[in-house]
Every structure is written in C-alpha cells, then in structure tokens.
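Overview (structure and organization)
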Amino acid sequence: MTIQTALQQGTQLLEEAAVTAPRLTAEVLLAHAVRHDRAWLYAHSTDELREVWWIHYGRYLHERMSGKPTQYITHNQEFYGREFYVSPAVLIPRPETEHVVEAALEKLASAPAGIVVDAGCGSGAIAFTLALEMPRVVVGTDISADALRVAARNRSALGARAHLVGCDLLTAIGRGCAAMVVSNPPYVPRTGEHGLQREVREFEPHVALFGGDDGLAIYRRLIEDAQRVLVPKGWIVMEVAYNSDQAVREMLAGAYSDIEMRTDLAGLPRVVLARLGQE
C-alpha cells in the first residue's frame, strides 16, 4: 500500500459517506497520521505506507465517516494565521469570526484605557489573537473548565500574554475596568437544533452553541452586564447570527450609541459594534 493508493482509497470511502471535500479531507487525515504536511505526501507518493500509519489513518477515516469533524480528529484549526488546538470541549473557530477580530482591532486603536474581555473565550481564538496583535491587557472568561484547559494550552503554545478566568460571561469582571467586551456568544435557537449539520449538532459543545429558545438569551445578559464593566465610551463587539441583527440592535439602543452592523464576505450580518453611552 503506497501513500498514493491510501489517498485514493480514503477519498473513495469519504465520498461514499457523503463527506464534504473528500480528497482534501483524506489528505489532511493521512498527513496527520504520518505526522507530516500535505506537501510531503505528494513528494513521497510512491512510498510504502507503514503499518502504524495505516492503523492511525484507518481510525481517523472511521471517525470522520461517523461524523466527527476533521478539526477534532487532528486537534487543529487555523485562525487569523495561527494554529489553535481544539477539542470537543470548545467550538471550532470559524473564518467568519475573524471579522470580529478585525472590528475589535480597529476600535481598540482609539478606545479609552482599560482591559479587553473576551466573554466565553472557548479555545481563546479571539482573546489570544487580540493579545498578540495589540498591546492591551486581555482577559478570557469561560464557564467551562474543560474549555479553559484548552485555552491555557493555546496560550502557552502561542506565547500570548492574556489572563483566563473561570466564570459565567462577565460575572467575575470588576466594574468600570474594560475598554472593550468582545464575544462570539451562543446564538443558535434551541428550536433550530435539528437543522444543524450533524457534525455541529452531535460533536460541538452545546453550551457554546445554543442561546436559549430564541437564540438571544446570552445577548440579553451580555449587553446588560457590559454596561457595568465597560468604561465610559467603551466598546462592545459581538458576532451575530444572520437573522438576529435587528433584535440585537434593539437591545443595544438606549444605553449604547454608534451602533454599527458589519457583514461578512457573503454579505450577511456578522458583527455588531456599539459604544457605551450617548453622545
């Protein structure tokens, strides 16, 4: 069994299991099994596959065909040009969430003094990216001890100078100390659970997915408590679902000003920004 043949067979199995991007997935899983990158596979396509490689590759293929996301098999996901360790304890960082980082960095350039709090930090993708991209004190919070362990691993691997706190959203953050609250909160309605892809519904942590019956429960709490922790004219930056932008805007109206909605590359509402207080 050569590496080329193993790729062909793996691709066929994944196609039959209706896995998206079967060839790419087979390459990623085989590269993970042999502990080399995908380019190495092509440079050594006629090499014989070692038995231990075949054992690992076969297990990874079976896991993927059973619905387990590739990122949870390889424990790796790229975000903002950096590699993050992920496990089923945390949501897999999506490319769309990079828009949150971009918006946060833009506003932080002229934001008042204070810390940055990533509420519900998960793997730390947002928190550590911000910490590595600008000179601010960053604090990541999460209610899940398992998620915080994943985040601590990423903090160490990336050399990010950030703090991690175990709490529910902002409950452990002091009054009037934050220049920005940033978050990718759970926003899937419980009623929409069965409409999710199998990979998401069965493998990603529900605490990071579901935001109550209408998907807005965490926004309500976060927007209200951010008023306590933000300094005057501090910013709140949050990811939103494509169909919740208007509801979130209405929650922000009154206590916040400069409310802005930004779209992703598909033109869908993705990030909401607002400044505490009225002009």
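So, a few notes on the structure that sits alongside this text. (Residues numbered from 1 in each chain as written. Predicted model: local features only at pLDDT ≥ 70, side-chain atom pairs only at ≥ 80, totals over all residues. Heavy atoms only, no water.)

Observations concerning the environment of Glu-63
- Residue placement: Glu-63 occurs in helix H4 (residues 51-65).
- Among the residues examined, Glu-63 registers a relative accessible area of 21% and is labelled partly exposed.
- Taking the C-alpha atoms as reference points, Glu-63 and Ile-73, ten residues apart in sequence, are found 7.6 Å from one another.
- Beyond its immediate sequence surroundings of up to four residues, Glu-63 is in contact with Lys-68 and Ile-73. (Helix = DSSP H or I, 4+ residues; strand = E, 2+ residues; numbered from the N terminus. Buried < 20%, exposed > 50% of the residue type's maximum accessible area, 1.4 Å probe, protein only. Contact = heavy atoms within 4.5 Å.)

Let's talk about unusual backbone geometry
- Even without a glycine there, the phi angle at Leu-169 is positive, about 55 degrees.
- Relative to the elements of secondary structure, Leu-169 occurs in the loop between strand E5 (162-166) and strand E6 (178-183).

Points about the pairing of E6
- Of all six residues in E6, six are buried; the element is thus mostly enclosed.
- Relative to E6, strand E3 (residues 115-119) runs parallel, the two being bridged by four bridges. Paired with Asp-118 across the two strands is Val-182, which belongs to E6.
- By the bridge criterion, five bridges tie E6 to strand E7 (residues 230-239) in an arrangement that is parallel. (Pairing = 2+ DSSP bridges.)

A short note on the layout of surface pockets
- The space that makes up the second largest pocket amounts to roughly 150 Å³.
- Lining of the second largest pocket is provided by Val-28, Ala-31, His-32, Arg-35, His-36, Asp-37, Arg-38 and Thr-74.
- Examining the composition of the lining of the second largest pocket, we find that three residues originate from one element, helix H2 (residues 22-34), more than from any other.
- Taken together, the residues of the lining of the second largest pocket sort by class into two nonpolar, three polar and three charged. (1 Å grid on protein atoms, 1.4 Å probe; cavity = no way out; pocket = protein on both sides within 12 Å on 5 of 7 lines; lining within 4 Å. Points joined across faces, edges and corners; volume = space filled by probe spheres on them. Nonpolar A, V, L, I, M, F, W, Y, C, P; charged D, E, K, R; others polar.)

Some details on the pattern of salt bridges
- A full pass over the atoms with the stated rule returns 20 salt bridges.
- Notably, a salt bridge pairs Glu-133 with Arg-82, separated by 2.9 Å at the nearest N-O pair. Remark: Arg-82 occurs in strand E2 (residues 82-84) and Glu-133 occurs in helix H7 (residues 125-133); sequence separation between them is 51 residues.
- A salt bridge links Glu-239 to Arg-270, with the nearest nitrogen and oxygen atoms 3.2 Å apart. Linking Glu-239 in strand E7 with Arg-270 in strand E9 (residues 269-276), this pair joins segments that are 31 residues apart in sequence.
- Of the residues examined, Glu-239 reaches a relative accessible area of 3% and is grouped as buried.
- Linked through salt bridges whose partners overlap, the residues forming this network are Glu-106, Lys-107, Glu-260 and Arg-262. (Salt bridge = Lys/Arg side-chain N within 4 Å of Asp/Glu carboxyl O.)

Read these as spatial facts, not as claims about activity.
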